[in-house]
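One-letter residues, chain by chain:
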Amino acid sequence: MTAVEICAVALAAGEGSRLRPLTERVPKALCPVGNVPLLDRVLARLAGIGLAGTSRVAVNASYLAERVVAHVGDRAHRSVEPDGPLGTAGGLAKLRDWINGRGVLVGNADAYLADPDRPPGLDIAALLQDWDGETVRLLGQPAVDPTAPGTFDGHAFTGFSLLPWWRVRDLPLEFGDLVRTVWRPAEAAGELTVVPYPGTFYDTGTPADYLTANLHAAGGGTLVHPTALVTGRCRSAVVGAGARVHGAVTRAVVWPGATVAAEEHVQNAIRVGTDLTVVVSEPPLPERLA
């Protein structure tokens, strides 16, 4: 795909403040979508293009770092930011010695991507195709408003970027983001290209989008983990490992180990444990699940 040596970094250090109170229980990167932790989806996508192991893939962690580190195990190099998240740019700066001259494929752990025509990995392979190792590439989709702030060449960012070493090596080891330190300067220099992503993308940063991504992963139906016990009624739902559903769930996510009692109807919501229900005020629209 490219003659340039590359490594990959999965960004998993964020606090997930917009996803609270879910992220008060679990780091954002470990929140399950379709019964698979978001971070595992990123690692599987990277493995699908041949990037795996501690020499090729790194994961950064800060908020609830011990949970992320334990979950990653020996599948990737682990970079801990003990004094708080360093941001997307600072996180790469901390990994400078590990990156060591290579190009970097950077993926956001909270990005949900799904392409019906290509398996994970091959769906983003165009980002690497014939890359010269000098320019910046972003994965994107046409924006509803092509002129809106935060867009690039009329596209909204969809979770992955490819960066040359020369734009990473001098990043300061302090809090900073890639938008200001790398992407916009590259755009201004005419050295940024947006590669279109043909599948479905959701930024799972809010409960509404998190719920929508889960329902998309379930294919519009119901996805029940084999170890869950369901004696109630489920419609358009995701039910996690070891969960117990004795009541009804509709357009909902039941987290691993959670319980829905016989008299309950969990609707347009995420159930965690026995005591937390995060209701989405605006239920997912059917057209968003296409």
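Whatever comes next refers back to the structure up there.
Every chain is numbered independently, its residues counted from 1 as its sequence is written. Only residues with pLDDT of at least 70 are given local features in this predicted model, and only at 80 or more are side-chain atom pairs given and counted; all residues enter the totals for whole chains, interfaces and linings. Neither water nor hydrogens contribute to the side-chain values; these are computed over all heavy atoms in the structure.

Peer 1: Looking at this model, I keep getting lost on the pattern of salt bridges. Mind explaining?
Peer 2: Where charged atoms of side chains with opposite charge meet at close range, the side chains can pair. Here a salt bridge means any side-chain nitrogen of Lys or Arg lying within 4 Å of a carboxyl oxygen belonging to Asp or Glu. A full pass over the atoms with the stated rule returns twelve salt bridges. As a salt-bridge pair, Arg-118 and Asp-115 come within 2.9 Å of each other at their nearest N and O atoms. Categorising residues by exposure relies on relative accessible area from a 1.4 Å probe, with only protein chains included: less than 20% of the type maximum marks a residue as buried, more than 50% marks it as exposed, and the intermediate range marks it as partly exposed. You can call Arg-118 partly exposed: its relative accessible area is 38%. The residue Arg-169 makes a salt bridge to Asp-170 at a minimum N-O spacing of 3.8 Å. A relative accessible area of 39% places Arg-169 in the partly exposed class.

Peer 1: Where do I start with the layout of surface pockets in this structure?
Peer 2: Gaps left between atoms are located by rolling a probe of water-molecule size over the structure's atoms. The rule is simple: put a 1 Å grid over the protein atoms alone, call a set of points where a 1.4 Å probe fits but cannot get out a cavity, call an open set with protein on both sides within 12 Å along at least five of seven lines a pocket, and count a residue as lining if it has an atom within 4 Å of a point. Grid points are joined across faces, edges and corners, and a volume is the space filled by probe spheres set on the points. Here the largest pocket defines a volume of roughly 1,100 Å³. What lines the largest pocket is a set of 45 residues, among which Arg-18, Asn-108, Asp-110, Phe-157 and Asp-203 lie closest to the centre. Helix and strand assignments come from DSSP, with helices taken as H or I runs of at least 4 residues and strands as E runs of at least 2, each series counted from the N terminus. For the lining of the largest pocket, the secondary structure elements donating two or more residues are α3 (87-94), β6 (103-108), β8 (136-142), β9 (155-163), α6 (178-188) and β11 (200-203). No other element matches β9, which puts five residues into the lining of the largest pocket. Side-chain classes follow a simple rule in which Ala, Val, Leu, Ile, Met, Phe, Trp, Tyr, Cys and Pro form the nonpolar group, Asp, Glu, Lys and Arg form the charged group, and the remainder, Gly included, forms the polar group. Looking at the lining of the largest pocket residue by residue, the class counts come to 22 nonpolar, 14 polar and nine charged.

Peer 1: Which parts of the structure should I look at to understand the packing of aromatic side chains?
Peer 2: To describe a pair of aromatic rings, you give the distance between the ring centres and the angle between the ring planes. A pair of aromatic rings is counted whenever rings of Phe, Tyr or Trp (Trp by its six-membered ring) have centres within 6.5 Å, and the orientation is called stacked for planes under 30 degrees apart, edge-to-face for over 60 and tilted otherwise. Within the structure shown, the criterion is met by three aromatic pairs. Each ring, one from Phe-152 and one from Trp-183, has its centre 5.7 Å from the other, and the planes form 85°; the classification is edge-to-face. Note that Phe-152 is positioned in the loop between β8 and β9 and Trp-183 in helix α6, a separation of 31 residues in sequence. Take Phe-152 and Trp-183: they sit in the same class, and that class is buried. Every member of this aromatic cluster is reached through a ring pair, and the members are Phe-152, Phe-157 and Trp-183. Directly above the ring of Phe-152 sits Arg-184, whose terminal nitrogen or CZ lies 3.9 Å from the centroid. Criterion for a charge above a ring: Lys NZ or Arg CZ within 6 Å of the ring centre, and within 35 degrees of the ring normal.

Peer 1: Help me understand the environment of Thr-88, please; the structure alone is not making it clear to me.
Peer 2: Secondary-structure assignment places Thr-88 in helix α3. Thr-88 sits 19 residues away from Val-69 along the chain, and the two C-alpha atoms are 18 Å apart. Those residues in contact with Thr-88, other than ones at most four positions away along the chain, are Leu-11, Gly-176, Asp-177 and Leu-178. Among the polar contacts made by the side chain of Thr-88, one reaches the main-chain amide nitrogen of Leu-178 at a distance of 2.8 Å. Throughout, a residue-residue contact means that at least one pair of heavy atoms, one from each residue, lies within 4.5 Å. Think of a polar contact as two N or O atoms within 3.5 Å of one another; within protein, one of them needs to be a possible hydrogen donor and the other a possible acceptor, and neighboring residues in sequence only count if both atoms come from side chains.

Peer 1: I tried to follow the sheet that holds strand β5 (residues 77-80) on my own but got confused; where do I start?
Peer 2: Strands belonging to one sheet form pairs held by backbone hydrogen bonds; the direction of such a pair is parallel or antiparallel. Pairing is mixed in the open sheet, where seven strands are placed in the order β5-β4-β1-β6-β9-β8-β10. At either margin of the open sheet sits one strand with a lone partner, and together these are β5 and β10 (192-196). Within the sheet, the average angular offset between the axes of one strand and its neighbour, ignoring direction, is 30°. Two strands are said to pair when DSSP picks up at least two bridges between them. Across five bridges, β8 lies against β9 in antiparallel orientation. The residue bridging Leu-138 from the neighbouring strand is Ser-161, located in β9. Fitted lines through C-alpha atoms give the axes, limited to the stretch in contact for helices. The angle between two N-to-C directions lies from 0 to 180 degrees. The sheet strands contacting α6 are β6, β8, β9 and β10, and the helix crosses β9 at an angle near 95°.

Peer 1: Looking at this structure, I do not really get the environment of Ala-208. What am I missing?
Peer 2: Within the secondary structure, Ala-208 is located in helix α7 (residues 207-217). Among the residues examined, Ala-208 registers a relative accessible area of 28% and is labelled partly exposed. Each C-alpha atom of the pair Ala-208 and Ala-8 lies 29 Å from the other, and the pair is 200 residues apart in sequence.

Peer 1: Please clarify how the sheet that holds strand β15 (residues 244-245) should be interpreted in this entry.
Peer 2: Across the sheet, which stays open at both edges, the three strands sit in the order β13-β15-β17 with parallel pairing between neighbours. If you trace the sheet from one side to the other, it starts and ends with β13 (229-230) and β17 (259-260), each paired once. Where β15 and β17 come together, two bridges link them in parallel fashion. Residue pairing for β17: Val-245 is matched across the bridge by Val-260.

Peer 1: For this particular structure, what's the right way to read the environment of Gly-34?
Peer 2: Locating Gly-34 in the fold gives a position in the loop between β2 (32-33) and β3 (36-37). For the pair Gly-34 and Gly-87, spaced 53 residues apart in sequence, the C-alpha to C-alpha distance is 27 Å. Excluding residues that lie within four positions of it along the chain, Gly-34 makes contacts with Arg-41, Asn-214, Ala-217, Leu-223 and Val-238.

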